[in-house]
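The primary structure of each chain is shown beneath.
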Amino acid sequence: MFMVAVATIFRLTNSQVAAGASSELSSVCRAEGRFPDPGACEGYLECVAEHEGSPHLAAHYYRCPSGFFHPGLARCVAQAQGEACPPEGVEAPRLARRTGQLGAPVRSPRHDLLCAGQQGFACASCTQEVVCAGREAYLSPCAADTRCVADVRFSGGVCYPRWPRDNCSCTAAGQVMPDVYDHTMFLQCTAPFKPPNVFYCDALHVFDPETLTCMAAPALPSCSATGVFPVEQACRWYYSCMPGGAGQWYQGYHLCPSEKVYSQALGVCVEPRSLAAGTPCSTQRKMTNFSCNFWQLLLVFFFPKHIASICYPV
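Source: prediction; values computed, not measured. (Residues numbered from 1 in each chain as written. Predicted model: local features only at pLDDT ≥ 70, side-chain atom pairs only at ≥ 80, totals over all residues. Heavy atoms only, no water.)

Some words on the pairing of strand β8 (residues 128–133)
Thinking step 1. Most of β8 is tucked away: six of the six residues are buried.
Thinking step 2. Covered by surrounding structure in β8 are Gln128, Val130 and Cys132 together with Glu129, Val131 and Ala133, the residues of both alternating faces.
Thinking step 3. Pairing of strand β7 (residues 121–125) with β8 involves four bridges; the strand directions are antiparallel. By the bridge assignment for β8, Ala122 is matched with Val130.
Thinking step 4. Between the antiparallel neighbours β7 and β8 lie two residues.
Thinking step 5. With six bridges joining them, β8 and strand β9 (residues 136–141) adopt antiparallel strand pairing. Across the sheet, Glu129 pairs through a bridge with Ser140, a residue of β9.
Thinking step 6. Connecting β8 to the next strand, β9, in antiparallel fashion are two residues, including Gly134 with a positive phi near 70°. (Buried < 20%, exposed > 50% of the residue type's maximum accessible area, 1.4 Å probe, protein only. Helix = DSSP H or I, 4+ residues; strand = E, 2+ residues; numbered from the N terminus. Pairing = 2+ DSSP bridges.)

In structure tokens form, the structure reads like this:
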């Protein structure tokens, strides 16, 4: 009887401590977004509304994989910068801080490209979030009831409980679909309404959503400038180049839908006939004018297909 009473008191005490800690963390939330933890340099809070339009915000605690969370930049940085750290002696509650964590983020060099700019968070896939620590990417899985979405309130990608249902939602077992964030992977469903499993194509392959297969990318030119460029020998393909520092380049490759080609001028995939005549991959014929004398015209009359060899282009 004594042991039961002690166990009951222990559970009640823990519940009260957890509730108090959770309440203190939630008090930091004034709006949806990411905010620095007032008690730890390396910590930050994700404040998420319990449902659409709800004034009640749930606070989830996370820690930067390395470095510190900078409140002005809303991202993890290599070292503390002034106001990024709390005053010495401030100790925040530790108990409720595991509410948002499914495990420590895992280093992922293949996603470093997403951290090359000023972005601190991104979506590696619809079920995986990228946390940037400087220029290094770390993968963090989303909870089963969330999907990764791009949201300006969170300065990039965030695992969020409300997402577009036509993306990353399983409707049948065995369903295969592309990932909206990474063309080198695809998703496969084991059951309706369950989170899909993520699969990667082999190196230098891209998932084709029309054939539901991974297609080998053509040989790509070396990067020499920042931008997005068409692959002239393979019109559906295009590639991106971004400097990675120390003379290195991040290169990505992409695939247009069938019967479309990449337009560098517009930055989108278009119908081949919409490209200017004479440009690679255009189906429009380039008009050429010829200068012919009387005898040449006579020959062209009988051999019109050979005008280019009979007359002179102008």
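Structural notes on unusual backbone geometry
Thinking step 1. Here Ala74, not a glycine, exhibits a phi torsion of approximately 55°, which is positive.
Thinking step 2. When its relative accessible area of 13% is taken as the criterion, Ala74 is described as buried.
Thinking step 3. One non-glycine residue, Leu212, lies in positive phi territory at about 55°.
Thinking step 4. For Leu212, the location among the structural elements is in the loop between β15 (205–208) and β16 (213–216).
Thinking step 5. We classify Leu212 as partly exposed; its relative accessible area is 44%.

What to know about a nonpolar patch on the surface
Thinking step 1. A cluster of nonpolar side chains, Phe294, Trp295, Leu298, Leu299, Phe301, Phe302 and Phe303, forms an exposed patch at the surface whose accessible area comes to about 870 Å².
Thinking step 2. Relative to the helices and strands, Phe303 resides in the loop between α2 (294–302) and α3 (307–310).
Thinking step 3. With relative accessibility at 46%, the residue Phe303 sits in the partly exposed group. (Patch = residues over 30% accessible without salt bridge, like charges linked within 9 Å, V, L, I, M, F, W, Y side chains within 5 Å. Areas by Shrake-Rupley, 256 points an atom, 1.4 Å probe, with all protein chains shown as cover. Salt bridge = Lys/Arg side-chain N within 4 Å of Asp/Glu carboxyl O.)

With respect to the state of the cysteines
Thinking step 1. This model, assessed by the stated rule, comprises eleven disulfides.
Thinking step 2. Across the disulfide from Cys223 sits Cys241; the S-S distance is 2.0 Å. Disulfide Cys223 to Cys241: torsion about the S-S bond roughly -75°, handedness left-handed. A residue pair is termed long-range when its members are at least 10 positions apart, and Cys223 in the loop between β16 and β17 (227–230) and Cys241 in strand β18 (residues 237–245) qualify at 18 residues.
Thinking step 3. Owing to a relative accessible area of 4%, Cys241 belongs among the buried residues under this scheme.
Thinking step 4. Note that Cys292 is cross-linked by a disulfide to Cys311, the S-S spacing being 1.9 Å. Note on the Cys292 and Cys311 pair: the S-S dihedral is about 120°, so by sign convention the disulfide is right-handed. (Disulfide = S-S within 2.5 Å.)

Description of the pattern of salt bridges
Thinking step 1. According to the stated counting rule, one finds ten salt bridges in the structure shown.
Thinking step 2. For Arg162, the salt bridge is made with Glu32, and the minimal N-O distance between the two is 3.8 Å. Highlighted residues: Arg162 in the loop between β11 (156–160) and β12 (176–178) and Glu32 in the loop between α1 (2–26) and β1 (33–36), separated in sequence by 130 residues.
Thinking step 3. For Glu32, a relative accessible area of 15% corresponds to the buried category.
Thinking step 4. A single network of salt bridges, built from pairs that share partners, joins Glu32, Asp151, Arg153 and Arg162.

Notes on the sheet that holds β1
Thinking step 1. One open sheet holds the three strands; their spatial order is β1-β2-β3, and the pairing between them is antiparallel. This sheet does not close on itself; its edge strands, each paired only once, are β1 and β3 (57–63). Each strand axis lies, on average, 30° off the axis of its neighbour in the sheet, ignoring direction.
Thinking step 2. Pairing of strand β2 (residues 43–49) with β3, which is carried by seven bridges, proceeds in the antiparallel orientation. Bridge pairing links Cys47 to Ala59 in β3. (Axes fitted to C-alpha atoms, helices over the stretch in contact; angles between N-to-C directions.)

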